[in-house]
Amino acid sequence: MRRFAKILGGAALLSALPALAMAQDATTVVEAANSTAYIFNTLLFLIGGFLVMWMAAGFAMLEAGFVQTKNVSMQCLKNIMLYSLAGLMFWLFGYDMLYAGASDFINFASVLSPGYPLEPVGLAGATDAETAANQAAALDTGYSVASDWFFQMVFCATTASIVSGTVAGRVKFWPFFIFVAILTAFIYPVVAGWEWGGGFLDDMGFSDFAGSTLVHSTGGWAALMGAIIIGPRLGKYVDGKVNPIPASNIPLATLGMFILWLGWFGFNGGSQLASGSIGDVTDVSRIFVNTNMAAAAGVILAIVYTQLRYGKIDVTFAINGALAGLVAITAEPLAPSIGMSVLIGAVGSLLACLTVPLLDKLKIDDVVGAIPVHLVAGIWGTLAVAISMPETLVAQIVGIVATGIFVSVVSAIIWLVLKVTIGVRPSVEDETAGLDISEVGLVAYPEFVNT
């Protein structure tokens, strides 16, 4: 009887083995799928991140081409500085503010730890059990925290680049350095946290896919306050007349525009935040198409507009037309059809074209046209989200107004404090000679000049 029971037990066990094997196979498949999704999601962040980082080169070339020759070195230096400074400020302060306590940003002992603020997956010295636990925790997020930090950091740097071009040619290096530090450590992270960090705009249903308002309008408002408080370049507005100051290098500015256009695929495509499924990858490809078509429509609109309005085509308007189209589609590059994306980009470009002479009437000197492109087209793009998602209209308006008030007030205070303390403008003599000489210095070793 006992032997028979054992035989029955063995038979039952044998009959259960296929089920156990199937369950084990299912678990393995799920774990493999999660790992694969984690890898591809992380790669999207990293690839999108380095494309957005490459936009720093685009901004540098665009600005170097638009400013006068005597200020080219200064403008390149500012772009090198602001990207570097943004990374440090976002590491120390910004990431925490954006995500409302993702790590202990006040605890500077944590700041100096090997993994701060990133996950310690596979760090040297970890036991196998610790590594397994860390990897399991990381899989729950769906992507590497380090990749998310990098992706968010390059967005932060982009915001500062917008300000750089507007106030070019008449701001000293160190006051600008201080402003960028505060912008990247505090202003941008606070605004971005209102939606991307789960703040009050997110609760309201505000939608800004890749940052028409959170990035571009934030930079635009900060630039506008700087342009007003610092004032125009010498000789720009005299006796009620506008004196055009031609760009120094159109090929360089054109190269900058194309670099930015390329980087925008990372900017918008990476903001899908996932590529671990067929649906996500398909959405990324659709975002690429809509982004490209909005920029193309912006170029054509600017060419046609300047031909009809001024009798000749203005290449600087065409360059900024592309960028305005890109900014406009950034708030929602997935939901619209291709035709609607073309319309959104074209309207963004038109609004930018109309804003340029308006700023001149108000005697607001914007060297590269960043205010029309990033602020005005950014507002339009944020409102245009309601075309695809009508239920968001009220939240979109609230987000635009809240961002405008907060960034304008804080930026104005910073610019004014800098102006009355250390000063923001060079002397008339230094500005006339050019900041390359007065601020940067064209000769590396002045003591050898007379030898």
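The residue count restarts for each chain, going from 1 along the sequence in the order it is written. Totals for whole chains, interfaces and linings use every residue, but because this is a predicted model, local features are given only for residues with pLDDT of at least 70 and side-chain atom pairs only at 80 or more, for both listing and counting. As a rule here, side-chain values come from all non-hydrogen atoms in the structure, and water together with hydrogens is ignored.

1. Things to note about the pattern of salt bridges
- A side-chain nitrogen of Lys or Arg and a carboxyl oxygen of Asp or Glu constitute a salt bridge if their distance falls within 4 Å. One pass over the full model with this rule turns up two salt bridges.
- Ionic pairing is found between R233 and D365, a salt bridge with its closest N-O pair at 2.7 Å. Residue R233 is located in the loop between α8 (212–230) and β1 (237–238), and its partner D365 is located in the loop between α12 (338–361) and α13 (370–388); the two are separated by 132 residues in the primary sequence.
- Exposure remark for R233: the relative accessible area of 8% places this residue in the buried category. Only DSSP runs of H or I covering at least 4 residues are called helices, and only runs of E covering at least 2 are called strands; the numbering of each starts at the N terminus. Using a 1.4 Å probe on the protein chains alone, a residue whose accessible area is under 20% of its type maximum counts as buried, one over 50% counts as exposed, and one in between counts as partly exposed.

2. Re the nonpolar core
- Counting residues in each nonpolar core, the largest one holds 98 residues, and the members touching the most others are F155, F176, Y188 and W415.
- Ranked by the residues each element gives to this core, the list is headed by helix α6 (residues 173–195), at 13 residues.
- Residues in contact with W415, not counting those within four places in the same chain, are V163, V171, F176, F179, A222, M225, G226, I229, I230 and V424.
- The term nonpolar core refers to a set of buried residues drawn from Ala, Val, Leu, Ile, Met, Phe, Trp, Tyr and Cys, joined through side-chain atoms within 4.5 Å. Membership of the second largest hydrophobic core comes to six residues, among which are A294, A328, I329 and I344. Any two residues whose heavy atoms approach within 4.5 Å are treated as being in contact.

3. A look at the packing of aromatic side chains
- The aromatic pairing rule takes the rings of Phe, Tyr and Trp, using the six-membered ring of Trp, and pairs them if the centres are within 6.5 Å, calling planes under 30 degrees apart stacked, those over 60 edge-to-face and the rest tilted. Inspection of every chain in the model, using the stated rule, returns 20 aromatic pairs.
- Summarising the aromatic geometry, the rings of W194 and F200 are spaced 5.2 Å apart at their centres and angled 65 degrees between planes, so their arrangement reads as edge-to-face.
- Look at W194 and you get buried, because its relative accessible area is 16%.
- A relative accessible area of 37% means that F200 is categorised as partly exposed.
- In this structure an aromatic cluster arises from ring pairing among F45, Y143, F151, F155, W196, W264 and F267.
- For K78, the ring lying beneath its charged end belongs to F176, and the centroid distance is 4.5 Å. The criterion for a charge sitting over a ring is simple: Lys NZ or Arg CZ within 6 Å of the ring centre, and within 35 degrees of the ring normal.

4. A look at a nonpolar patch on the surface
- Only residues whose relative accessible area exceeds 30% and that take part in no salt bridge are eligible for patches, with like-charged residues grouped when within 9 Å of each other and nonpolar side chains (Val, Leu, Ile, Met, Phe, Trp, Tyr) grouped when within 5 Å. Residue-level accessible areas treat just the shown protein chains as cover; the underlying method is Shrake-Rupley with a 1.4 Å probe. A cluster of nonpolar side chains, contributed by L383, L393, I397, V401, I405, V409, I413 and V417, occupies part of the molecular surface with about 660 Å² of accessible area.
- Take the nonpolar patch: its biggest share by element is seven residues, from helix α14 (residues 393–420).
- Tracing the chain through its elements places V417 in helix α14.

5. Considerations on helix α5 (residues 145–166)
- When the terminal C-alpha atoms of α5 are compared, their 34 Å separation across 22 residues agrees well with the 32 Å that a helix rising 1.5 Å per residue should span.
- With 19 of its 22 residues buried, α5 lies for the most part within the structure.
- One side-chain oxygen of the residue at the start of α5 lies 3.1 Å from the amide nitrogen of A146, identifying that residue as S144. How far a helix is expected to stretch is found by multiplying one less than its residue total by 1.5 Å. Here a polar contact means two N or O atoms within 3.5 Å. Within protein one must be a hydrogen donor candidate and the other an acceptor candidate, and residues neighboring in sequence count only if both atoms are side-chain atoms.

6. Some points on the confidence of the model for the protein chain
- Taken residue by residue, the protein chain gives an average pLDDT of 88. The fraction at 70 or more is 82%.
- Counting interchain partners and residues more than four positions distant, the pLDDT-below-50 stretch residues 103–117 has 27 contacts. Per-residue confidence from the predictor is reported as pLDDT, which spans 0 to 100.

7. Some points on unusual backbone geometry
- Backbone geometry places D239, a non-glycine residue, at a positive phi of 55 degrees.
- Structurally, D239 is set in the loop between β1 and β2 (241–242).
- Within the chain, L273 stands out as a residue other than glycine whose phi angle is a positive 70 degrees.
- Looking at where L273 falls in the secondary structure, it is placed in the loop between α9 (250–269) and α10 (278–310).
- Take L273: its relative accessible area is 40%, and that puts it in the partly exposed class.

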